[in-house]
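An overview of the molecular structure
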Amino acid sequence: MSQTTILDNNDLEREKGITILSKNTAVNYHGVKINIIDTPGHADFGGEVERVLNMADAALLVVDAAEGPLPQTKFVLEKALVTGLKIILVINKIDRKDANTAKVLQDTEELFLKLATHSGHLDFPIVYAVGRDGRAGMAPDKLAGNLEPLFEIILKEVPNAVKDLDKPVKMLVSTLDFDSHLGKMGIGRISQGTLKVGQRVTLVGHGSFNIERLYTSQGIQRIEVQEAVAGDIVAVAGIEDLEIGMTIADPAEPSALPTITVTDPTLKMTIGANTSPFAGRDGKYVTSRQIGERLEKEIATNLGMKFNDLGGGEFEVAGRGELHLAILLETLRREGFETQVSRPQVIFKGNTEPFEEVIIDIPDEYVGVATVEMGKRRGKMSDMAADGKGNTRIVYEISQRNMIGVRNILLTATKGTSVINRQFSQYKETEPAGEDIRPGALVALDRGKALAYSLENAQLRGITFIEPGEEVYEGMIVGMGTRENDVELNVCKGKHLTNTRAASADIKTVLTPAVKMSLEQALEFINDDELLEITPKNLRFRKKFLTKLDRIRQNRKVSN
């Protein structure tokens, strides 16, 4: 147990400390094989949860002993209960100094009461654990030196998945993988029957194929096997036309299993090839055709995301939230793509729009800041509770449209001490937009290298995003002002030199360090008339229309 994030093995998951992709593994306990599926907790990656629920018979609901149930806890629990999974509650990290297991258990029981549809949902075993130390027990003060109590509960409560071995084989493809030698591989759980290498099977609605290779999990390794039975989670190779949601079946009974249903996206944005004057400097893939092909590949495995070709080299991508879209863009960036993206927009359904439940954990001294900011954006407070230790939890319902950009503002106002958790709640009647209080931008008037002298003058008007020596182009946003309107300035202009010595000639220019945003923060920052330029090495803000004349013409067109 000394290794951390064993299943969160890609760089983005380790950097952000969250699970993004669902993964499966298996362990053997007293001769019984137990398949384990690790799913994301964040609601933005709900598609990953929804596509693998059919492979599970039970769910371990892991709740932090200090934080308690969060919006993502509610999301995962609701999906598990609807699917009919047996729930085992695991209260983890009970060794934390601020742990309050009694309060967390009470809050979790209240959550079950809200979501339960019959009395059986309220009957669940409770296990206490310190996961990092590999210890678990049935009481907080009686932890074993290992995880045996947890595995014993699993064997007792989870039904045996090895059944219907004499029936024709059926398997629903829940995820896809790609191997450089074997090509496309389909992963899923065999729901009935036996699957063997060389066996002739039907991909329902898409013809018949032979199983060339068959793999199953052992620990974190994938091992090749010749045969697998009902209950096994396997990867099959040899079927090129595989897609998530398809059924592999015996040709004698080619009926499909129920397909995977995924909640619709709530947020969209436009992606296109980088068209700035600096296009092509950093990236390996810079054309709209390459971007389109990569997005089509993404949609094949990312069920929570949708894709639409708008023509003219632009594509509309819809996802479950800002983080969902930001992870896609960061992945493209690391693969060598250059793109430019618009501000995220919510997806309306008639006269309704998506609303979110937002939980803000904040130090008591900043409660006023949070309530004022959320009030400006028409957030409705549903609960507020202080923990008596200097922190307060506030729960809001707010439209997703009005929530865009709040995270940056609150993190700045609270010096990074606030923790914000969000989850899609429901579609409700459209509300008026909240106050858009982002100040105007500082926009470069000329192309060249930024100079300290000009940046010093720019910092009198606001904060800057660039350092001396960085190249800029006309229409590039180099900072954020303090006034409502944009300010255009020349950051490449040097100090006028004369042969007259000034008293201040030897005073060194001292600049405030430039503000550098993460990709997620940058998405929240841009306005409707701006774009975010994303390259493997740089994030740049720019106006959609780069020249001052083009912006004036566009403003006149809009006003008319």
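Below or above, wherever it landed, is the structure these notes cover. (Residues numbered from 1 in each chain as written. Predicted model: local features only at pLDDT ≥ 70, side-chain atom pairs only at ≥ 80, totals over all residues. Heavy atoms only, no water.)

1. Here we look at the layout of surface pockets
Rolled over the atoms, a probe as big as a water molecule pinpoints where empty space is left. Computed from the structure, the second largest pocket encloses a volume of approximately 1300 Å³. Residue lining of the second largest pocket: 43 residues in total, with L21, S22, K23, L176 and D177 positioned closest to the centre. With six residues, the single largest contributor to the lining of the second largest pocket is helix α7 (residues 322–335). (1 Å grid on protein atoms, 1.4 Å probe; cavity = no way out; pocket = protein on both sides within 12 Å on 5 of 7 lines; lining within 4 Å. Points joined across faces, edges and corners; volume = space filled by probe spheres on them. Helix = DSSP H or I, 4+ residues; strand = E, 2+ residues; numbered from the N terminus.)

2. Quick notes on the side chain of N302
By the element assignment, N302 lies in the loop between α6 (288–301) and β19 (306–311). Taking relative accessible area as the criterion, N302 reaches 12% and is therefore assigned buried. Reaching out from N302, the side chain makes a polar contact with the side chain of H324 at a distance of 3.3 Å. (Buried < 20%, exposed > 50% of the residue type's maximum accessible area, 1.4 Å probe, protein only. Polar contact = N/O pair within 3.5 Å; in protein donor to acceptor, adjacent residues only side chain to side chain.)

3. Side note on the packing of aromatic side chains
For any pair of aromatic rings, the description consists of the separation of the ring centres together with the inter-plane angle of the planes. Evaluation of the coordinates by the stated rule reveals nine aromatic pairs. Centroid distance F278 to Y473: 5.0 Å. Interplanar angle 90°. Geometry classified as edge-to-face. Remark: Y473 occurs in the loop between β30 (471–472) and β31 (476–481) and F278 occurs in the loop between β18 (267–273) and α6; sequence separation between them is 195 residues. The exposure class assigned to F278 is buried, which follows from its relative accessible area of 2%. Centre to centre, the rings of F525 and F541 are 4.8 Å apart; their planes meet at 55°, and the pair counts as tilted. Of this pair, F525 sits in helix α12 (residues 519–525) while F541 sits in strand β34 (residues 539–543), and the two are 16 residues apart along the sequence. Of the two residues examined, F525 and F541, each falls in the buried class. Taken together through their ring pairs, the aromatic side chains of F465, F525 and F541 make up a single cluster. Against the face of F278 rests R281, its NZ or CZ located 4.1 Å from the ring centre. Lying over the aromatic face of Y427, K349 brings its terminal NZ or CZ to 4.7 Å of the ring centre. (Phe/Tyr/Trp six-rings, centres within 6.5 Å; stacked < 30°, edge-to-face > 60°. Lys NZ or Arg CZ within 6 Å of the ring centre and 35° of its normal.)

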